[in-house]
Amino acid sequence: MPAERMTHTKPIELAVEARPLAYVSAKTLGVLMDISESTIWEWTRKGYLPKPRKMPSGATRWKWSEVENFIEGNAESPDDYDPILRASRGR
């Protein structure tokens, strides 16, 4: 190939943006929180984590934004819906 026809192209740089977490499995949630899956289920049962949702596929997933709110202490506990329990805690 003649030298005048050879061209060099720069590699294309792709902008790879992290996809925001939306719904996560117990396994993924355990990895993100550095706890076991059984702890995820126990904390959910005790109300320390929000209740998961059932996806149309049948999979169980937690909404990550709700989990973050629970972690940061901004979410209401399930007991907050019960006026007697809420009053007993001074809320």
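Before any of the text, the structure's been laid out above.
Worth saying up front: this structure is predicted, and the values here are computed from it rather than measured. (Residues numbered from 1 in each chain as written. Predicted model: local features only at pLDDT ≥ 70, side-chain atom pairs only at ≥ 80, totals over all residues. Heavy atoms only, no water.)

Each helix and strand in the chain was counted, giving 4 helices and 3 strands. Overall, the chain shows an N-to-C arrangement of helices and strands of β-α-α-β-β-α-α. Within the span of the chain, comprising 91 residues, buried residues form 18% of the whole. Put simply, the chain shows about 7,600 Å² of open surface, and 53% of that area lies on carbon and sulfur atoms. (Helix = DSSP H or I, 4+ residues; strand = E, 2+ residues; numbered from the N terminus. Buried < 20%, exposed > 50% of the residue type's maximum accessible area, 1.4 Å probe, protein only. Areas by Shrake-Rupley, 256 points an atom, 1.4 Å probe, with all protein chains shown as cover.)

What follows deals with the sheet that holds strand β1 (residues 23-24). Reading across from one edge, β1-β3-β2 is the order of the 3 strands in this open sheet, with antiparallel pairing throughout. If you trace the sheet from one side to the other, it starts and ends with β1 and β2 (53-54), each paired once. With 2 bridges joining them, β2 and strand β3 (residues 60-63) adopt antiparallel strand pairing. Considered in β3, the bridge of R53 is made with R61. Helix α3 (residues 64-72) rests against β1, β2 and β3 of the sheet, and its axis sits at about 55° to β3. (Pairing = 2+ DSSP bridges. Contact = heavy atoms within 4.5 Å. Axes fitted to C-alpha atoms, helices over the stretch in contact; angles between N-to-C directions.)

Describing two packed helices takes the angle between their axes plus the distance from one axis to the other. Here helix α1 (residues 26-33) crosses helix α2 (residues 37-46) at 100°, and the two axes come no closer than 8 Å. Comparing the axis directions of α1 and α2 gives the class roughly perpendicular. Only E37, I40, W41 and W43 of α2 make contact with α1, whose side of the interface consists of A26, K27, L29, G30 and M33. Across the contact of α1 with α2, the residue classes tally to 6 nonpolar, 1 polar and 2 charged. (Parallel < 35°, antiparallel > 145°, perpendicular 65-115°, else oblique. Nonpolar A, V, L, I, M, F, W, Y, C, P; charged D, E, K, R; others polar.)

Looking now at the packing of α1 against α3. Two elements in contact, α1 and α3, have axes whose closest approach is 13 Å; the angle formed by their N-to-C orientations is 35°. The element α1 and its partner α3 pack so that their crossing is right-handed. Judged by residue contacts, L29, L32 and M33 of α1 engage W64, V67 and I71 from α3. Looking at the contact of α1 with α3 residue by residue, the classes come out as 6 nonpolar, no polar and no charged. (Left-handed = near helix turned anticlockwise from the far one by under 90°.)

These values are about where atoms sit, not about what they do.
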